[in-house]
Amino acid sequence: MKIEYKIEEVRPNVFAVIVKDHYHRAMLFCRVQEFYESPNPEFRGKNFSIWDYIEWYSREHGDVFTYTFDWGGFNIPLKTAWECYEGKEKGTKKMHDCVRSMPDSWKSPYDEVMKDIIWNIESKMFNKKNTRNMNAYIIGAPTTEDETFEHEVCHGLYATNKEYKALVDEITETIEWQDYLKFEGNLLDMGYTASVIPDEIQAYLSTNYEYTKFSKGVSKRKCEGFHKQYKKVFEQYESKTI
């Protein structure tokens, strides 16, 4: 099995892993994404068998593993991805379980590829200042030209650029509480976990705000209004490439 991908730094400290094949992209990111934000605490932040995850996800979706159809874009902090595969640094209060220590029977061929990607990005960050720096973000997309890519870049900026985060958080704070709760409920129903709700709201309203599963229950007029505000902020950082 050959997985074709390329790595590109698309914003300062935001690295895009471009995988054209939808199935390979989803399976490549599955473990690290669910380690980061799975709604199931049995997998989030845990050392888990990929086969147990596939069974759980399938049971939640009519006994069919629809993950590779359901998810097309991915995003995760470099530090979290590193912890997933290598564990926490020595000296921290608690060492995470990690892929390195798990039985081979729990892994898939995608794990070795993703581990190489993480090491590659960590090396690129080290080479910038000749010192270790984990303040980077990894996104996964099919191309650098579509809406999925822009959505994931929003996540990257939110995590790595304090000015961007402050500006979009100011907009989020103006959302009426009842509408915020609708966005939040929709996102939870879609499979997101509570910790990423503000980040997902800014990313969806910046890009694919018309996605029905996200915007259900909130008027189109309001969504368009918020989209214009978030988009204006995003465009300020759109040209700030490497």
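Below is a short write-up of the structure. (Residues numbered from 1 in each chain as written. Predicted model: local features only at pLDDT ≥ 70, side-chain atom pairs only at ≥ 80, totals over all residues. Heavy atoms only, no water.)

**Observations concerning the packing of helix α1 (residues 22-37) against helix α2 (residues 50-60)**
Angle between the axes and distance between the axes are the two parameters that describe a pair of packed helices. Two elements in contact, α1 and α2, have axes whose closest approach is 11 Å; the angle formed by their N-to-C orientations is 90°. One finds that α1 runs roughly perpendicular with respect to α2. Only Ile 50, Tyr 53 and Ile 54 of α2 make contact with α1, whose side of the interface consists of Met 27, Cys 30, Arg 31 and Glu 34. Residue composition of the contact of α1 with α2, grouped by class: five nonpolar, no polar and two charged. (Axes fitted to C-alpha atoms, helices over the stretch in contact; angles between N-to-C directions. Helix = DSSP H or I, 4+ residues; strand = E, 2+ residues; numbered from the N terminus. Parallel < 35°, antiparallel > 145°, perpendicular 65-115°, else oblique. Contact = heavy atoms within 4.5 Å. Nonpolar A, V, L, I, M, F, W, Y, C, P; charged D, E, K, R; others polar.)

**A closer look at the pairing of strand β1 (residues 6-11)**
Pairing between β1 and strand β2 (residues 14-18): five bridges, direction antiparallel. In the strand pairing of β2, Glu 9 is matched with Phe 15. What sits between the antiparallel neighbours β1 and β2 is a turn of two residues, in which Asn 13 has the positive phi angle 70°. (Pairing = 2+ DSSP bridges.)

**Section: the packing of aromatic side chains**
A complete count under the given rule lists 20 aromatic pairs for this structure. Judged by centre distance (5.9 Å) and plane angle (35°), the rings of Tyr 53 and Tyr 57 are tilted. Of the two residues, Tyr 53 and Tyr 57 both sit in helix α2, four residues apart, roughly one turn of that helix. Considered together, Tyr 53 and Tyr 57 belong to a single accessibility category, that of buried residues. Measuring from ring centre to ring centre gives 5.3 Å for Trp 71 and Tyr 192, while their planes differ by 85°; the resulting arrangement is edge-to-face. In this pair, Trp 71 is assigned in the loop between α3 (67-70) and β3 (74-77) and Tyr 192 in the loop between α8 (177-190) and α9 (197-206), connecting sequence segments 121 residues apart. Here Trp 71 matches Tyr 192 in class, with each residue buried. (Phe/Tyr/Trp six-rings, centres within 6.5 Å; stacked < 30°, edge-to-face > 60°. Buried < 20%, exposed > 50% of the residue type's maximum accessible area, 1.4 Å probe, protein only.)

**Concerning the side chain of Lys 231**
Turning to its location among the elements, Lys 231 is positioned in helix α11 (residues 220-238). Residue class for Lys 231 comes out buried when judged on its relative accessible area of 19%. Within the structure, Lys 231 has its side chain in polar contact with the side chain of Glu 150 (distance 3.3 Å). Among all residues touching Lys 231, those that are not within four sequence positions of it are Glu 150 and Ser 206. (Polar contact = N/O pair within 3.5 Å; in protein donor to acceptor, adjacent residues only side chain to side chain.)

**Side note on the environment of Ser 108**
Tracing the backbone through its elements, the reader meets Ser 108 in the loop between α4 (78-86) and α5 (109-129). Linking Ser 108 and Glu 163, residues 55 residues apart in sequence, is a C-alpha distance of 39 Å. Sequence-distant contacts of Ser 108, that is, excluding residues within four places in its chain, are made with Ile 50 and Trp 51.

**Focus on the sheet that holds strand β4 (residues 137-141)**
Here four strands make up an open sheet; going across it, the order is β1-β2-β4-β3 and the pairing mixed. Here the strands that pair on one side only, and so sit at the sheet edges, are β1 and β3. Here the strands of the sheet are splayed against their neighbours by 25° on average, with no regard to which way each runs. For β2 and β4, the ladder comprises five bridges, and the chain directions are parallel. Within β4, the residue paired with Val 14 across the bridge is Tyr 137. Taken strand by strand, α1 contacts β2, β3 and β4, and its axis lies near 45° from that of β3.

**Topic: α5**
All buried positions along α5 are accounted for by Tyr 110, Asp 111, Val 113, Met 114, Lys 115, Ile 117, Ile 118, Ile 121, Glu 122 and Met 125. Contacts from the buried residues of α5 go to β1, β2, α1, α4 and β4. Trailing α5 by a residue or two, Asn 130 shows a phi angle of about 55°, which is positive.

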